[in-house]
Amino acid sequence: MFLGISSVKAAESNVMLSEQMFTLNNLWILIATVLVFIMHLGFATLEAGLTRAKNCVNILFKNVMTVAIGLLTFALVGFNIMYPGNEWTIVKWFGFAGFGLNCPEGAAGLINYNGGNYSYYADFIFQGMFAATAATIISGAVAERMKLTSYLIFCTLFVGIVYPIVGSWGWGGGWLSDLGFKDFAGSAFVHSVGGWGALAGVMLLGPRSGKYVLNQSKAIMGHNMPLAAIGVFMLWMGWFGFNGGSVFSADPEALSLVFVTTTMSAVAGIATANITSWIISKKPDLSMVLNGCLAGLVGITACADAVTVNESLIIGAVSGVIVVLAVLGFDKVRLDDPVGALSVHLVCGTWSVLATGIFCEGISFATQLIGVVVIGIVSFASAYAIFGVLKVTLGIRVHKEEELRGLDIGEHGLESYSGFQIFDCQ
Amino acid sequence: MFLGISSVKAAESNVMLSEQMFTLNNLWILIATVLVFIMHLGFATLEAGLTRAKNCVNILFKNVMTVAIGLLTFALVGFNIMYPGNEWTIVKWFGFAGFGLNCPEGAAGLINYNGGNYSYYADFIFQGMFAATAATIISGAVAERMKLTSYLIFCTLFVGIVYPIVGSWGWGGGWLSDLGFKDFAGSAFVHSVGGWGALAGVMLLGPRSGKYVLNQSKAIMGHNMPLAAIGVFMLWMGWFGFNGGSVFSADPEALSLVFVTTTMSAVAGIATANITSWIISKKPDLSMVLNGCLAGLVGITACADAVTVNESLIIGAVSGVIVVLAVLGFDKVRLDDPVGALSVHLVCGTWSVLATGIFCEGISFATQLIGVVVIGIVSFASAYAIFGVLKVTLGIRVHKEEELRGLDIGEHGLESYSGFQIFDCQ
Amino acid sequence: MFLGISSVKAAESNVMLSEQMFTLNNLWILIATVLVFIMHLGFATLEAGLTRAKNCVNILFKNVMTVAIGLLTFALVGFNIMYPGNEWTIVKWFGFAGFGLNCPEGAAGLINYNGGNYSYYADFIFQGMFAATAATIISGAVAERMKLTSYLIFCTLFVGIVYPIVGSWGWGGGWLSDLGFKDFAGSAFVHSVGGWGALAGVMLLGPRSGKYVLNQSKAIMGHNMPLAAIGVFMLWMGWFGFNGGSVFSADPEALSLVFVTTTMSAVAGIATANITSWIISKKPDLSMVLNGCLAGLVGITACADAVTVNESLIIGAVSGVIVVLAVLGFDKVRLDDPVGALSVHLVCGTWSVLATGIFCEGISFATQLIGVVVIGIVSFASAYAIFGVLKVTLGIRVHKEEELRGLDIGEHGLESYSGFQIFDCQ
Amino acid sequence: MKLIIAYIKVERLNAVKQELYKNEIYKMSVTNALGCGQQRGYHETYRGTDVEVNLLKKLRLEIAVNSEFVEQTIAAIIRGAKTAEIGDGKIFIMPLEGCIRIRTEERGEEAIG
Amino acid sequence: MKLIIAYIKVERLNAVKQELYKNEIYKMSVTNALGCGQQRGYHETYRGTDVEVNLLKKLRLEIAVNSEFVEQTIAAIIRGAKTAEIGDGKIFIMPLEGCIRIRTEERGEEAIG
Amino acid sequence: MKLIIAYIKVERLNAVKQELYKNEIYKMSVTNALGCGQQRGYHETYRGTDVEVNLLKKLRLEIAVNSEFVEQTIAAIIRGAKTAEIGDGKIFIMPLEGCIRIRTEERGEEAIG
Ligand SMILES: Nc1ncnc2c1ncn2[C@@H]1O[C@H](COP(=O)(O)OP(=O)(O)O)[C@@H](O)[C@H]1O
Ligand SMILES: Nc1ncnc2c1ncn2[C@@H]1O[C@H](COP(=O)(O)OP(=O)(O)O)[C@@H](O)[C@H]1O
Ligand SMILES: Nc1ncnc2c1ncn2[C@@H]1O[C@H](COP(=O)(O)OP(=O)(O)O)[C@@H](O)[C@H]1O
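None of the values given here were measured: they were computed from a predicted structure.

Draft legend 1. Quick look at the overall build of chain A. Regarding its fold elements, chain A presents 14 helices and 4 strands. Relative to the 2.2 N^0.38 estimate, which gives 22 Å for 426 residues, the radius of gyration of chain A is 22 Å and therefore close to what a compact globule would have. Counting only C-alpha atoms, chain A reaches 90 × 45 × 45 Å along its principal axes. Counting every position in chain A, which comprises 426 residues, the buried fraction comes to 71%. For chain A, the share of sequence-separated contacts (at least 6 apart) that also reach a separation of at least 24 residues comes to 78%. Here chain A has roughly 11700 Å² of accessible surface; of this, 65% comes from carbon and sulfur atoms. Looking at chain A, you have 19 positive and 25 negative side-chain charges, and the mean spots of the two groups are 15 Å apart.

Draft legend 2. How the structure looks around the packing of helix α4 (residues 148-170) of chain C against helix α12 (residues 365-392) of chain C. Residue and element names in this part refer to chain C. Close contact between α4 and α12 brings their axes to 10 Å; oriented N to C, the two are set at 160°. In this view, α4 runs roughly antiparallel relative to α12, as classed from their interaxial angle. Crossing geometry of α4 relative to α12 is assigned as right-handed. Listed contacts from α12 to S150, I153, F154, L157, F158, V162, V166 and W169 of α4 are V374, I375, V378, S379, S382, A383, I386, F387 and L390. In terms of residue class, the contact of α4 with α12 is made up of 14 nonpolar, 3 polar and no charged.

Draft legend 3. Just the packing of helix α2 (residues 56-82) of chain A against helix α9 (residues 286-300) of chain B, in detail. The interhelical angle for the contact between α2(A) and α9(B), taken along N-to-C directions, is 30°, at an axis separation of 10 Å. Classified by the angle their axes make, α2(A) and α9(B) are roughly parallel. The interaxial crossing formed by α2(A) with α9(B) has left-handed handedness. Here V57(A), L60(A), F61(A), V64(A) and M65(A) of α2(A) lie close against α9(B), whose contacting residues are L286(B), V289(B) and L290(B). Residues belonging to the contact of α2(A) with α9(B) are distributed by class as follows: 8 nonpolar, no polar and no charged.

Draft legend 4. Quick peek at the interface of chain B and chain E. Taken together, the contacts link 22 residues of chain B with 8 residues of chain E. Buried surface at the junction of chain B and chain E, both sides included, amounts to about 1200 Å², of which 58% is carbon and sulfur. At the junction of chain B and chain E, the tally comes to 0 salt bridges. For the side of chain B that touches chain E, the elements supplying multiple residues, two or more each, are α9 and α10 (309-332) of chain B. Per-class residue counts for the side of chain B that touches chain E are 11 nonpolar, 6 polar and 5 charged.

Draft legend 5. Inspection of the pattern of salt bridges at higher detail. Overall, the coordinates contain 51 salt bridges over all chains when judged by the stated rule. Close ionic contact of K92(A) with D178(A) constitutes a salt bridge, the shortest N to O distance being 3.5 Å. Of this pair, K92(A) sits in the loop between β1 (88-90) and β2 (94-95) while D178(A) sits in helix α5 (residues 175-179), and the two are 86 residues apart along the sequence. By relative accessible area, K92(A) is classed as partly exposed at 27%. Residues joined in a network through salt bridges with shared partners are R60(D), E62(D), R60(E), E62(E), R60(F) and E62(F).

Rules behind the numbers
- Numbering of residues starts from 1 in every chain and runs along the sequence as written.
- Ligands are numbered from 1 and chains lettered from A, in the order in which they are written.
- The predicted origin of the model limits local features to residues at a pLDDT of at least 70 and limits the giving and counting of side-chain atom pairs to 80 or more, whereas totals for whole chains, interfaces and linings rest on all residues.
- Only hydrogens and water are set aside when side-chain values are computed; all heavy atoms of the structure are taken into account.
- Numbering goes from the N terminus for both helices and strands, where a helix is a DSSP run of H or I of at least four residues and a strand is a run of E of at least two.
- Within these notes, the globule rule equals 2.2 Å times the number of residues to the 0.38 power, and the radius of gyration is based on C-alpha atoms.
- Relative accessibility under 20% of the residue-type maximum defines a buried residue, over 50% an exposed one, and the middle range a partly exposed one, all with a 1.4 Å probe and only protein chains included.
- Every residue pair with non-hydrogen atoms within 4.5 Å of one another is taken to be in contact.
- Methods summary: accessible areas were calculated by the Shrake-Rupley approach with a probe of 1.4 Å, and residue burial reflects only the protein chains presented.
- Positive charges come from Lys and Arg alone, negative charges from Asp and Glu alone, with His and the N- and C-terminal ends not counted.
- Note that the charge is assigned to NZ on lysines, CZ on arginines, CG on aspartates and CD on glutamates.
- Axis definition: a line fitted to C-alpha atoms, over the contacting stretch in the case of helices. Angles run 0 to 180 degrees between N-to-C directions.
- By definition in this entry, angles of less than 35 degrees are roughly parallel, angles greater than 145 are roughly antiparallel, angles of 65 to 115 are roughly perpendicular, and the rest are oblique.
- What makes a crossing left-handed is the near helix being turned counterclockwise from the far one by less than a right angle; a clockwise turn instead makes it right-handed.
- Each residue receives one of three labels: charged for Asp, Glu, Lys and Arg, nonpolar for Ala, Val, Leu, Ile, Met, Phe, Trp, Tyr, Cys and Pro, and polar for the others, Gly being one of them.
- The term buried area means the drop in 1.4 Å probe accessible area that two parts suffer when joined, counted for both and summed.
- Note on definitions: salt bridges are taken to be side-chain nitrogens of Lys or Arg within 4 Å of carboxyl oxygens of Asp or Glu.

Just distances and angles here, no functional claims.
Take a look at the structure:
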């Protein structure tokens with residue numbers, strides 16, 4: 001009898017306990033949201049720093065608008081496409097749970113939501129911050145020559161529809177998750193999706209004028225290296241929330257490991273990118289080291305929770321090498337990507353997903369490969385279609401004269417560094 | 001009997017439970033403090049970016065000193081004016097609980113302090129970070145022409161005395177809180193107080209030389225747009241702590257909602273500020289979009305915990321429109337505010353308080369209006385008085401020659417960008 | 001009997017309770033890690049801002065590499081030298097627990113690790129972030145003239161070996177901790193160690209060319225004050241994790257106090273550095289105020305958990321005065337330290353350790369002094385030896401011509417601000 | 001044809017431009033220069049060390065005019081730039097042998113305006 | 001000897017340099033300038049206020065040549081810089097009395113190339 | 001009166017100024033320029049691509065002097081600027097027809113110093 005009573009007490013106490021754990025986990029998701037948020041500043045400053053001063057307002061503008069577009073479309077449709085629950089229209093391939101946010105009343109939107117780790121709103125805001133990053137990746141690759149309005153339209157469609165559809169296959173419980181495909185924090189669903197979109201854009205836009213002259217590739221220097229460095233540090237900082245938040249709880253074992261693997265992959269990427277580029281170009285190249293850091297971060301993103309520290313070092317080290325080769329390779333095939341978005345997000349994102357198949361127990365390499373291929377085809381094709389339609393309608397590229405003078409004057413009528421004497425004859 | 005014993009156990013367990021919840025809530029307040037802290041960097045870089053290179057050292061200097069002045073005066077007197085407890089001198093209008101910090105001993109300063117959510121010191125440091133922001137708002141509005149020493153004196157008096165007196169009416173349990181006035185995180189007590197101070201300063205200082213020439217308003221361009229963008233992102237990041245910390249616990253329901261409403265209002269502000277300014281000036285204007293973001297953030301601050309997501313979108317959207325109109329309006333009436341502080345903090349802060357009366361259940365619009373009016377009169381009058389006395393004694397404006405050459409050389413004998421060729425003939 | 005049963009329940013409940021507390025404390029350590037991480041951005045931007053544009057890529061490069069070197073060496077050997085457990089080779093002076101990370105299996109690496117506050121991996125990553133800061137301090141002092149490869153080699157040896165050996169004496173349970181030496185968060189083990197290393201470097205390198213001409217010290221202006229200000233704010237932000245994380249739990253009493261003392265010391269440092277430098281040079285000097293802020297932060301680091309708020313104000317105020325005098329003093333004796341690293345980290349770090357002996361109950365001033373002296377001798381001597389060997393082998397200083405043209409072109413073949421007209425004839 | 005080079009104070013540019021416009025001189029080129037003249041420099045302080053800055057920021061105008069416009073151009077510059085304080089600047093007049101408008105390849109006096 | 005000063009559009013520099021190289025003129029100095037010419041400026045908008053920018057970014061080339069090279073230099077500049085649109089720029093020719101190579105202290109026509 | 005234009009290496013400015021001061025030449029104007037001369041450029045690497053930079057940073061001095069000062073000015077510049085290495089720079093001497101001090105409206109040789 002008292003046993004019974006004791007049990008009741010214990011049960012009550014359990015409820016209280018889990019309420020606290022819920023509060024704690026929920027708090028971590030929200031803090032991780034802040035960290036992912038600051039990645040947008042990271043993208044904005046990195047992209048601005050690695051391009052020319054005359055296009056800097058344009059890049060900042062795009063990055064600010066991208067956050068707004070990302071969150072507004074995600075609230076309107078994206079969240080409910082990505083997480084359709086049981087509302088699959090095309091089974092496990094496309095679902096839509098209705099417009100707008102519909103937080104379940106009471107405990108259903110709180111402690112009973114998704115198994116007691118975080119609330120509906122925390123889920124939405126964390127996922128919403130992710131959504132915009134996919135578009136931001138593209139913004140860097142098409143920088144310095146793309147028409148603003150076309151970018152904004154592209155961004156709206158890509159983030160609002162393509163991104164969540166693809167995401168639903170894995171994170172929303174769709175066919176890829178049924179297959180056992182693993183993408184921990186978004187190497188495939190965020191980075192490679194953005195990367196494929198970027199590839200479509202780069203192909204349809206063509207290189208910046210002056211980039212390839214008489215069979216030769218010319219370097220078009222970024223205008224502000226401290227800004228680029230700020231960008232990388234901000235992105236790295238945000239990655240603690242990107243990967244750490246994807247643990248979806250503050251579980252000490254998983255979270256601590258994720259922090260370590262994420263960091264070690266980044267530093268390994270720095271080290272090998274440095275060595276690789278030093279060997280190739282005989283100079284220690286800051287821009288390559290910065291890309292190496294991001295390469296390591298992307299490289300570990302699909303499996304940060306499921307590898308050992310040594311494996312994370314290997315993954316990061318490989319990322320650092322391939323990002324340098326990829327930058328040189330894309331340049332060879334005349335895909336002009338001013339900030340290295342293709343190399344970092346597409347190439348290393350893909351490597352990350354495959355590495356998951358190699359290093360993680362219980363994950364099939366074949367499944368990972370299927371995921372890579374299908375995600376690639378769908379993302380690239382959709383992006384190509386949207387860019388293509390825009391190209392023949394509104395146009396996607398600014399006039400040559402505007403490009404030469406800079407998009408800041410051309411599109412915005414505003415200079416980035418008013419008063420500074422800037423000499424740029426590219 | 002065993003029931004009794006079980007109860008004792010349960011009670012003990014309860015104590016332990018609440019100790020943990022206390023630790024958790026307290027931790028969140030401290031993390032929110034870090035986020036609010038970084039808003040000072042946000043203000044510093046935003047203000048620096050939107051003004052000219054020749055005044056940049058001066059702005060950075062003011063912003064660093066403002067943090068120091070804010071926290072030192074808050075520790076000395078402000079905290080005990082703002083939260084007088086029962087020590088009201090003029091009932092519910094002015095109280096003072098003595099100089100310095102007096103943390104109650106033992107549990108009274110910890111778990112028993114203010115209902116078990118956070119400790120005395122956490123309370124102080126979180127509130128102290130808020131205090132300085134009110135002054136920082138003013139620093140932007142009076143930029144590029146105000147004498148440094150006069151600013152420092154003004155700042156000391158305004159943050160040390162005016163800010164906490166007004167704040168005590170609502171947050172310290174004064175007459176406004178008795179009336180049921182709602183200002184969740186400080187649209188009135190922080191933003192509008194700072195905004196009224198800024199208005200007094202702008203009026204008494206007059207416009208920057210060269211701003212209004214022959215019946216025409218001239219644009220005086222900010223010198224560094226990436227810096228301004230960094231500022232806005234840092235402020236936004238800080239706002240998660242500003243609004244989120246004002247929940248005063250890590251309560252998952254309230255905190256998650258606040259994160260969502262804060263973000264959605266900001267993105268709605270970006271969107272509508274973009275549309276409004278694009279229509280008016282035919283160009284997508286980065287500086288307006290940045291102000292629109294801040295407008296949305298200020299707009300939601302009074303009621304972020306008590307509106308629905310849709311309401312937050314409306315509030316943010318309205319903020320984005322009115323901030324653009326306000327910038328143009330202030331310019332028309334020749335109130336020269338280099339960074340848009342009046343439009344963002346005063347206008348949108350006021351809108352936020354009134355919106356609370358419109359959208360929040362149980363909040364009387366009339367009370368909100370009374371709050372707006374009385375806070376406005378007292379803040380403006382005090383600021384006007386302090387600025388006025390300074391004007392006739394020390395002077396508040398630098399000499400015209402110093403203004404032309406820049407305050408960096410004039411006041412500090414130091415350039416911001418040594419070596420850079422800067423051409424500025426305004 | 002039921003008592004027994006109840007006890008069992010209570011015990012179980014206790015376990016669950018402490019699991020939650022463990023999760024919470026562990027989370028705080030990880031968040032503190034993120035904050036300490038961002039200090040690297042702070043160092044990078046502060047050092048870049050206070051030096052010339054022509055050496056900016058070099059400084060950014062060094063700071064990025066330093067993070068990588070710090071974490072890689074710490075993982076390989078540093079962590080196991082610093083925390084040898086019982087594996088002392090030379091009793092209480094040197095120990096080594098083996099190569100690489102060896103997280104104990106199961107609960108031993110989690111809740112049972114180090115008394116239930118944080119996991120093995122959280123411990124490693126937090127400590128690893130600290131490690132790199134010691135080297136970063138040096139990077140600033142030797143800026144604008146040191147050969148890159150020699151710096152990288154020095155950094156590897158100093159952070160990988162010297163730093164953890166010295167650290168093991170106190171934090172690893174070595175002889176200094178046995179003596180009762182107190183260094184809460186690293187004024188001695190991080191800041192002074194880095195500072196002594198910097199002193200050795202500055203002595204062996206000699207001043208930058210053009211710094212001392214005809215018995216006169218010339219000012220060599222920093223090129224970007226907003227960048228320097230960003231650096232200081234980032235460092236300050238990080239310090240909440242540096243000191244706050246060193247509480248090693250989220251204990252509300254200790255953590256709240258640490259936040260307050262850390263902040264108040266910083267603002268006191270700002271105030272007194274401002275007054276001191278204003279008196280001496282008749283102008284409000286931004287660079288001194290920024291150093292004053294850091295001085296206050298370093299000054300409180302050894303005892304932030306064990307002083308009253310008033311004591312923290314005193315400590316910070318003293319730091320602000322001595323940092324200004326130290327900057328002037330080092331300049332007098334022709335130790336050319338471009339960013340003030342010696343004054344901030346060495347002088348104020350030492351002051352902090354001694355202040356701990358003065359203000360903290362139960363701490364012997366004599367012990368603190370012994371610590372200061374022995375740590376100083378060993379750090380300085382090791383750094384001098386490493387730099388010395390490098391000097392006679394690879395060389396540590398770039399050629400004069402390279403120095404004049406700037407290390408960015410000389411070492412990296414890359415400019416920081418491509419396109420900007422920069423006029424620098426120093 | 002003459003080439004007129006004028007060094008003026010940075011903040012006088014707008015006034016000078018207005019005076020030139022009044023005289024229907026619309027074409028000119030401006031560069032920024034650092035000048036050492038009679039004007040003493042000013043002192044900066046950086047990290048406690050005093051620096052004398054004796055290269056002051058000036059603007060350099062270059063105006064090519066036909067010979068008959070020289071005097072009125074000079075007068076306009078003086079009206080716009082003069083504050084009667086040290087540092088007001090200086091005007092130099094140089095012979096100009098040829099002038100070509102790139103767009104039309106016109107030469108000589110035609111091309112100048 | 002003559003000193004040729006040319007104001008050109010910023011984006012034409014590479015083309016001008018190539019044309020000069022073809023004519024074996026390798027030596028020149030470039031500064032950036034702001035120019036008022038026939039070309040109308042453009043409008044910027046900042047915080048809702050419209051600004052007319054009428055000082056446009058130009059490059060200023062300075063090329064010292066021996067007299068017999070003047071015409072071909074001018075021709076090369078025109079080939080590189082001409083787009084036949086307003087704003088193409090202008091070339092000025094001035095007499096040059098002396099030229100010294102600092103390194104060797106050579107003087108005159110020897111020193112120029 | 002002559003106008004002396006000198007292109008020198010950036011890092012020689014202080015030395016040149018000192019030599020000029022010793023000769024009591026205190027007035028000058030300095031601008032930064034990019035120069036193509038005999039000196040080869042250097043290579044930069046950016047994101048793996050090699051760039052040849054052949055416009056090197058130089059300083060351009062402009063010194064107006066009375067004719068009798070020309071030789072000593074040239075000598076002073078050479079003393080300050082010469083390192084006997086490629087890239088030392090060049091001096092040009094041009095005729096100067098007029099000089100006006102804006103502050104006092106003095107003209108000619110009076111105004112120059
Ligand atoms: N002899 C000269 N040669 C070259 N530039 C000169 C000369 N004299 C004056 N200048 C330029 O004119 C500027 C103004 O000189 P300033 O000190 O005002 O002369 P003054 O005192 O004669 O009016 C100087 O900063 C310098 O740029
Ligand atoms: N008379 C002049 N004096 C000085 N600079 C001139 C003169 N005329 C033209 N320039 C320079 O040449 C640039 C190009 O002039 P532009 O408007 O193209 O002339 P045009 O219409 O005659 O081709 C101008 O921006 C200015 O820098
Ligand atoms: N003929 C010229 N016309 C214009 N500028 C020149 C000429 N020759 C040299 N210069 C300028 O002088 C600078 C130094 O030239 P440099 O390569 O040192 O010549 P040298 O090899 O003859 O000493 C060049 O960078 C350029 O700015």
